[in-house]
Amino acid sequence: MEDDFRALADRVRASLTSPQETAAYVRLLGLVRERTPAAREELARVLVAPEQPLWARETAAYVLGSAGDRRAFETLVLMLNYRDPVRCVTAARALARLGDPRTARAAAALATNPVRTHYALHPIRLLVELRAPESAPALIATLERLLSSNDHHWPIARACVEGLGALGDPRAIPVLTAASAYPQLTAAASAALARAESGTEVQPGPRPQPGARPGPKQGTRPGPQGGARTAPQQGTRPGPQQGARPGSQEGARPQPGARPQSGLRAQPPVPRSRPGTRPQPETRPKPST
(Lines give C-alpha, C1' and ligand atoms only; values in the text may rest on other atoms or scores of the structure.)
Protein backbone atom coordinates (compact mmCIF):
# COMPACT_ATOMS: atom_id res chain seq x y z
CA MET A 1 0.00 0.00 0.00
CA GLU A 2 2.82 2.42 0.81
CA ASP A 3 4.20 2.27 -2.74
CA ASP A 4 0.73 2.72 -4.24
CA PHE A 5 -0.01 5.73 -2.07
CA ARG A 6 3.37 7.27 -2.82
CA ALA A 7 2.65 7.01 -6.55
CA LEU A 8 -0.78 8.59 -5.99
CA ALA A 9 0.69 11.45 -3.94
CA ASP A 10 3.38 12.15 -6.54
CA ARG A 11 0.79 12.22 -9.32
CA VAL A 12 -1.45 14.60 -7.37
CA ARG A 13 1.45 16.89 -6.46
CA ALA A 14 2.44 17.17 -10.12
CA SER A 15 -1.09 18.25 -11.08
CA LEU A 16 -1.35 21.19 -8.64
CA THR A 17 -1.42 24.61 -10.29
CA SER A 18 -1.85 27.18 -7.50
CA PRO A 19 -0.54 27.96 -3.98
CA GLN A 20 -4.04 27.40 -2.61
CA GLU A 21 -4.12 23.86 -4.02
CA THR A 22 -0.66 23.17 -2.65
CA ALA A 23 -1.73 24.30 0.83
CA ALA A 24 -4.85 22.10 0.69
CA TYR A 25 -2.72 19.17 -0.47
CA VAL A 26 -0.29 19.59 2.44
CA ARG A 27 -3.21 19.71 4.90
CA LEU A 28 -4.72 16.55 3.39
CA LEU A 29 -1.42 14.69 3.66
CA GLY A 30 -1.24 15.73 7.29
CA LEU A 31 -4.59 14.03 7.94
CA VAL A 32 -3.39 10.91 6.18
CA ARG A 33 -0.25 10.72 8.31
CA GLU A 34 -2.13 11.20 11.59
CA ARG A 35 -4.00 7.87 11.28
CA THR A 36 -6.36 8.76 14.14
CA PRO A 37 -10.14 8.39 14.35
CA ALA A 38 -10.51 12.17 14.19
CA ALA A 39 -8.36 12.35 11.06
CA ARG A 40 -10.40 9.58 9.47
CA GLU A 41 -13.60 11.53 10.10
CA GLU A 42 -12.05 14.55 8.41
CA LEU A 43 -11.16 12.42 5.37
CA ALA A 44 -14.72 11.09 5.24
CA ARG A 45 -16.06 14.65 5.18
CA VAL A 46 -13.85 15.38 2.16
CA LEU A 47 -15.81 12.78 0.21
CA VAL A 48 -19.13 14.58 0.61
CA ALA A 49 -18.11 18.21 1.07
CA PRO A 50 -19.13 20.50 -1.82
CA GLU A 51 -16.58 22.02 -4.21
CA GLN A 52 -13.83 19.56 -3.31
CA PRO A 53 -11.34 18.96 -6.14
CA LEU A 54 -11.28 15.53 -7.71
CA TRP A 55 -7.73 14.78 -6.52
CA ALA A 56 -8.79 15.41 -2.91
CA ARG A 57 -11.75 13.02 -3.18
CA GLU A 58 -9.58 10.42 -4.85
CA THR A 59 -6.90 10.62 -2.15
CA ALA A 60 -9.39 10.46 0.72
CA ALA A 61 -11.28 7.56 -0.89
CA TYR A 62 -8.11 5.59 -1.51
CA VAL A 63 -6.88 5.97 2.08
CA LEU A 64 -10.26 5.14 3.60
CA GLY A 65 -10.93 2.23 1.24
CA SER A 66 -7.51 0.69 1.86
CA ALA A 67 -8.28 0.88 5.59
CA GLY A 68 -11.60 -0.95 5.11
CA ASP A 69 -13.84 2.08 5.65
CA ARG A 70 -16.94 1.47 3.50
CA ARG A 71 -17.81 5.15 3.33
CA ALA A 72 -15.34 5.29 0.43
CA PHE A 73 -17.30 2.78 -1.67
CA GLU A 74 -19.33 5.18 -3.84
CA THR A 75 -16.37 7.42 -4.68
CA LEU A 76 -14.17 4.44 -5.53
CA VAL A 77 -16.80 2.94 -7.85
CA LEU A 78 -17.06 6.30 -9.61
CA MET A 79 -13.28 6.33 -10.07
CA LEU A 80 -13.27 2.70 -11.29
CA ASN A 81 -15.18 3.69 -14.43
CA TYR A 82 -13.48 7.03 -14.91
CA ARG A 83 -12.03 8.12 -18.24
CA ASP A 84 -8.53 8.41 -16.78
CA PRO A 85 -6.97 4.88 -16.62
CA VAL A 86 -4.58 5.86 -13.80
CA ARG A 87 -7.49 6.73 -11.53
CA CYS A 88 -9.18 3.45 -12.49
CA VAL A 89 -6.11 1.50 -11.36
CA THR A 90 -5.99 3.33 -8.02
CA ALA A 91 -9.70 2.74 -7.40
CA ALA A 92 -9.46 -0.96 -8.29
CA ARG A 93 -6.64 -1.52 -5.79
CA ALA A 94 -8.55 0.20 -3.01
CA LEU A 95 -11.78 -1.68 -3.81
CA ALA A 96 -9.93 -5.00 -3.71
CA ARG A 97 -8.79 -4.18 -0.15
CA LEU A 98 -12.12 -2.69 0.96
CA GLY A 99 -13.92 -6.02 1.39
CA ASP A 100 -17.38 -4.59 0.67
CA PRO A 101 -19.86 -7.23 -0.64
CA ARG A 102 -21.27 -4.63 -3.05
CA THR A 103 -17.99 -4.38 -4.94
CA ALA A 104 -18.45 -7.43 -7.18
CA ARG A 105 -21.99 -6.41 -8.18
CA ALA A 106 -20.85 -2.87 -9.01
CA ALA A 107 -17.87 -4.12 -11.04
CA ALA A 108 -20.12 -6.56 -12.93
CA ALA A 109 -22.55 -3.76 -13.79
CA LEU A 110 -19.72 -1.60 -15.11
CA ALA A 111 -18.14 -4.44 -17.10
CA THR A 112 -21.40 -5.38 -18.84
CA ASN A 113 -22.54 -1.82 -19.57
CA PRO A 114 -22.53 -1.49 -23.41
CA VAL A 115 -22.37 2.29 -23.20
CA ARG A 116 -19.12 2.23 -21.18
CA THR A 117 -17.32 -0.58 -22.99
CA HIS A 118 -14.22 1.59 -23.57
CA TYR A 119 -13.77 1.86 -19.78
CA ALA A 120 -14.54 -1.78 -18.87
CA LEU A 121 -10.94 -3.00 -18.68
CA HIS A 122 -10.33 -2.33 -14.98
CA PRO A 123 -13.77 -3.53 -13.80
CA ILE A 124 -13.06 -6.79 -15.66
CA ARG A 125 -9.66 -7.18 -14.02
CA LEU A 126 -11.15 -6.41 -10.62
CA LEU A 127 -13.76 -9.14 -11.12
CA VAL A 128 -11.01 -11.64 -11.87
CA GLU A 129 -9.13 -10.61 -8.74
CA LEU A 130 -12.24 -10.83 -6.56
CA ARG A 131 -13.24 -14.31 -7.87
CA ALA A 132 -16.81 -13.59 -6.80
CA PRO A 133 -19.93 -15.47 -7.97
CA GLU A 134 -20.63 -12.57 -10.32
CA SER A 135 -17.18 -12.73 -11.97
CA ALA A 136 -17.52 -15.51 -14.56
CA PRO A 137 -21.13 -14.69 -15.66
CA ALA A 138 -20.22 -11.02 -16.20
CA LEU A 139 -17.14 -11.86 -18.26
CA ILE A 140 -19.06 -14.45 -20.33
CA ALA A 141 -21.87 -12.00 -21.07
CA THR A 142 -19.45 -9.23 -22.04
CA LEU A 143 -17.41 -11.49 -24.33
CA GLU A 144 -20.53 -12.87 -26.04
CA ARG A 145 -21.75 -9.33 -26.72
CA LEU A 146 -18.38 -8.22 -28.10
CA LEU A 147 -18.04 -11.23 -30.42
CA SER A 148 -21.48 -10.63 -31.89
CA SER A 149 -21.10 -6.86 -32.36
CA ASN A 150 -19.53 -4.98 -35.22
CA ASP A 151 -17.02 -3.23 -32.94
CA HIS A 152 -15.30 -6.07 -31.10
CA HIS A 153 -13.17 -3.88 -28.79
CA TRP A 154 -10.27 -6.33 -28.98
CA PRO A 155 -8.43 -5.16 -25.81
CA ILE A 156 -11.61 -5.60 -23.77
CA ALA A 157 -12.40 -8.94 -25.43
CA ARG A 158 -8.87 -10.17 -24.76
CA ALA A 159 -9.18 -9.15 -21.10
CA CYS A 160 -12.38 -11.22 -20.87
CA VAL A 161 -10.69 -14.24 -22.47
CA GLU A 162 -7.67 -14.05 -20.18
CA GLY A 163 -9.86 -13.49 -17.15
CA LEU A 164 -12.04 -16.51 -17.94
CA GLY A 165 -8.88 -18.57 -18.34
CA ALA A 166 -7.67 -17.44 -14.92
CA LEU A 167 -11.04 -18.33 -13.37
CA GLY A 168 -11.06 -21.78 -15.02
CA ASP A 169 -14.87 -21.91 -15.10
CA PRO A 170 -16.26 -24.68 -17.39
CA ARG A 171 -19.28 -22.50 -18.17
CA ALA A 172 -16.99 -20.38 -20.34
CA ILE A 173 -16.11 -23.23 -22.75
CA PRO A 174 -18.71 -22.32 -25.46
CA VAL A 175 -17.79 -18.63 -25.65
CA LEU A 176 -14.05 -19.40 -25.49
CA THR A 177 -14.49 -21.88 -28.35
CA ALA A 178 -16.15 -19.15 -30.39
CA ALA A 179 -13.42 -16.66 -29.49
CA SER A 180 -10.68 -19.02 -30.65
CA ALA A 181 -11.92 -18.57 -34.26
CA TYR A 182 -10.77 -14.94 -34.25
CA PRO A 183 -7.06 -14.46 -35.04
CA GLN A 184 -6.82 -11.63 -32.51
CA LEU A 185 -7.92 -14.01 -29.73
CA THR A 186 -6.78 -17.46 -30.89
CA ALA A 187 -3.71 -17.84 -28.69
CA ALA A 188 -5.33 -16.46 -25.54
CA ALA A 189 -8.56 -18.40 -26.11
CA SER A 190 -6.72 -21.70 -26.66
CA ALA A 191 -4.84 -21.31 -23.38
CA ALA A 192 -8.02 -20.31 -21.56
CA LEU A 193 -9.92 -23.27 -23.05
CA ALA A 194 -7.30 -25.71 -21.75
CA ARG A 195 -7.76 -24.39 -18.20
CA ALA A 196 -11.55 -24.20 -18.45
CA GLU A 197 -11.84 -27.77 -19.74
CA SER A 198 -9.69 -29.06 -16.90
CA GLY A 199 -11.45 -26.86 -14.36
CA THR A 200 -8.10 -25.47 -13.23
CA GLU A 201 -8.30 -22.09 -11.55
CA VAL A 202 -5.18 -19.96 -11.63
CA GLN A 203 -4.60 -18.76 -8.09
CA PRO A 204 -2.80 -15.46 -7.63
CA GLY A 205 0.59 -16.01 -6.08
CA PRO A 206 1.07 -14.86 -2.48
CA ARG A 207 3.19 -11.81 -1.89
CA PRO A 208 6.37 -12.53 0.04
CA GLN A 209 6.55 -11.06 3.52
CA PRO A 210 9.25 -8.44 4.11
CA GLY A 211 12.38 -10.12 5.42
CA ALA A 212 11.07 -13.63 4.79
CA ARG A 213 13.55 -16.21 3.61
CA PRO A 214 12.59 -18.81 1.06
CA GLY A 215 12.40 -22.34 2.40
CA PRO A 216 14.48 -25.26 1.12
CA LYS A 217 13.64 -26.59 -2.27
CA GLN A 218 11.57 -29.72 -2.61
CA GLY A 219 13.66 -32.88 -2.43
CA THR A 220 16.38 -31.38 -0.20
CA ARG A 221 16.90 -31.37 3.53
CA PRO A 222 19.03 -28.98 5.54
CA GLY A 223 22.51 -30.20 6.41
CA PRO A 224 24.28 -29.73 9.76
CA GLN A 225 25.87 -26.45 8.63
CA GLY A 226 22.68 -24.90 7.25
CA GLY A 227 23.34 -25.97 3.68
CA ALA A 228 21.06 -28.25 1.74
CA ARG A 229 21.98 -31.72 0.58
CA THR A 230 20.01 -33.80 -1.83
CA ALA A 231 18.00 -36.63 -0.31
CA PRO A 232 18.83 -40.12 -1.69
CA GLN A 233 16.51 -41.29 -4.40
CA GLN A 234 14.31 -44.30 -3.95
CA GLY A 235 15.95 -47.60 -4.86
CA THR A 236 19.54 -46.38 -4.50
CA ARG A 237 22.04 -47.29 -1.76
CA PRO A 238 23.97 -44.41 -0.27
CA GLY A 239 27.72 -44.68 -0.71
CA PRO A 240 30.31 -44.51 2.07
CA GLN A 241 30.65 -41.24 3.90
CA GLN A 242 33.56 -39.01 3.15
CA GLY A 243 36.58 -40.04 5.18
CA ALA A 244 35.22 -43.50 6.04
CA ARG A 245 37.36 -46.56 5.17
CA PRO A 246 35.58 -49.27 3.23
CA GLY A 247 34.99 -52.67 4.77
CA SER A 248 36.34 -56.02 3.60
CA GLN A 249 36.21 -55.70 -0.12
CA GLU A 250 38.06 -57.55 -2.81
CA GLY A 251 41.68 -56.55 -2.90
CA ALA A 252 41.52 -54.68 0.44
CA ARG A 253 44.36 -55.14 2.97
CA PRO A 254 43.33 -56.78 6.26
CA GLN A 255 43.59 -54.73 9.42
CA PRO A 256 46.35 -55.62 11.88
CA GLY A 257 45.21 -58.27 14.34
CA ALA A 258 42.16 -59.18 12.27
CA ARG A 259 41.35 -62.85 11.89
CA PRO A 260 41.19 -64.28 8.38
CA GLN A 261 37.84 -65.18 7.01
CA SER A 262 36.69 -68.79 7.30
CA GLY A 263 38.00 -71.06 4.54
CA LEU A 264 41.07 -68.93 3.92
CA ARG A 265 44.59 -69.50 5.33
CA ALA A 266 46.61 -66.52 6.30
CA GLN A 267 49.80 -66.21 4.25
CA PRO A 268 53.07 -65.56 6.10
CA PRO A 269 54.58 -62.18 5.40
CA VAL A 270 57.21 -62.13 2.68
CA PRO A 271 60.49 -60.52 3.81
CA ARG A 272 61.62 -57.65 1.75
CA SER A 273 65.26 -56.89 1.03
CA ARG A 274 66.63 -53.50 1.76
CA PRO A 275 67.68 -51.40 -1.19
CA GLY A 276 71.37 -51.76 -2.07
CA THR A 277 71.87 -55.28 -0.54
CA ARG A 278 72.32 -58.51 -2.35
CA PRO A 279 70.12 -61.44 -1.54
CA GLN A 280 71.93 -64.15 0.48
CA PRO A 281 72.18 -67.63 -1.08
CA GLU A 282 70.14 -70.29 0.55
CA THR A 283 72.27 -72.45 2.93
CA ARG A 284 71.55 -76.06 3.55
CA PRO A 285 72.49 -77.79 6.83
CA LYS A 286 75.57 -80.13 6.68
CA PRO A 287 74.96 -83.78 7.43
CA SER A 288 76.20 -84.86 10.82
CA THR A 289 79.19 -87.24 10.91
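Structure: above.
Just so we're clear, the structure is a prediction, and the values are computed from it rather than from any experiment.

The rules behind these values
- Residues numbered from 1 in each chain as written.
- Predicted model: local features only at pLDDT ≥ 70, side-chain atom pairs only at ≥ 80, totals over all residues.
- Heavy atoms only, no water.
- Helix = DSSP H or I, 4+ residues; strand = E, 2+ residues; numbered from the N terminus.
- Expected span 1.5 Å × (residues − 1).
- Buried < 20%, exposed > 50% of the residue type's maximum accessible area, 1.4 Å probe, protein only.
- Arc of directions from axis to C-beta.
- Contact = heavy atoms within 4.5 Å.
- 1 Å grid on protein atoms, 1.4 Å probe; cavity = no way out; pocket = protein on both sides within 12 Å on 5 of 7 lines; lining within 4 Å.
- Points joined across faces, edges and corners; volume = space filled by probe spheres on them.
- Nonpolar A, V, L, I, M, F, W, Y, C, P; charged D, E, K, R; others polar.
- Core = buried A, V, L, I, M, F, W, Y, C linked by side-chain atoms within 4.5 Å.
- Salt bridge = Lys/Arg side-chain N within 4 Å of Asp/Glu carboxyl O.

**Student:** Explain helix α2 (residues 19–34) to me, using residue names and the numbers behind them.
**Tutor:** Given a rise of 1.5 Å per residue, 16 residues ought to cover 22 Å, and the 23 Å separating the end C-alpha atoms of α2 matches this to within 8%. All of the buried residues in α2 are Tyr25, Leu28, Leu29, Leu31 and Val32. Buried residues of α2, viewed axially, fall in a sector of 155°; they line one side. With respect to the buried face of α2, the exposed residues turned more than 90 degrees away are Pro19, Gln20, Val26, Arg27 and Arg33. Buried residues along α2 sit against α1 (2–15), α3 (37–48) and α4 (54–66).

**Student:** Outline the layout of surface pockets, listing residues and values.
**Tutor:** Of the voids in this model, the second largest pocket is the one considered here, and its volume is about 460 Å³. Listing elements by their share of the lining of the second largest pocket, those giving two or more residues are α1, α2, α3 and α4. The element that contributes the greatest number of residues to the lining of the second largest pocket is α1, accounting for six residues. Considered class by class, the residues forming the lining of the second largest pocket number 13 nonpolar, one polar and seven charged.

**Student:** Describe the environment of leucine 193, with residues and values.
**Tutor:** Along the chain, leucine 193 turns up in helix α12 (residues 186–198). The spacing of leucine 193 and leucine 164 is 29 residues in sequence and 8.7 Å in space, taken between C-alpha atoms.

**Student:** Please set out the environment of alanine 192 residue by residue, giving values where relevant.
**Tutor:** Tracing the backbone through its elements, the reader meets alanine 192 in helix α12. Along the backbone, alanine 192 and leucine 167 are 25 residues apart, and their C-alpha atoms lie at a distance of 8.9 Å. Those residues in contact with alanine 192, other than ones at most four positions away along the chain, are Val161, Gly165 and Leu176.

**Student:** An account of the nonpolar core is needed here, citing residue identities and associated values.
**Tutor:** If you look at the biggest cluster of nonpolar residues, it comprises 67 residues, and the most contacted ones within it are Leu143 and Leu176. The element that contributes the greatest number of residues to this core is helix α10 (residues 154–167), accounting for eight residues. Not counting residues within four places of it along the chain, the set of residues in contact with leucine 176 comprises Leu143, Val161, Leu164, Ala189, Ala192, Leu193 and Ala196.

**Student:** Describe the environment of valine 86, naming the residues involved and giving the relevant values.
**Tutor:** Tracing the backbone through its elements, the reader meets valine 86 in helix α6 (residues 85–98). Classification of valine 86 as partly exposed rests on a relative accessible area of 40%.

**Student:** Please give an account of the pattern of salt bridges that cites residues and values.
**Tutor:** Across all of its chains, the model carries 14 salt bridges by this definition. In this structure, arginine 93 engages aspartate 4 in a salt bridge whose closest nitrogen and oxygen atoms are separated by 3.1 Å. Taken as a pair, arginine 93 in helix α6 and aspartate 4 in helix α1 lie far apart in primary sequence, 89 residues in all. A relative accessible area of 42% means that arginine 93 is categorised as partly exposed. The shortest N-O distance in the salt bridge between aspartate 4 and arginine 97 comes to 2.8 Å. Of the two residues, aspartate 4 sits in helix α1 while arginine 97 sits in helix α6, which places them 93 residues apart along the sequence.

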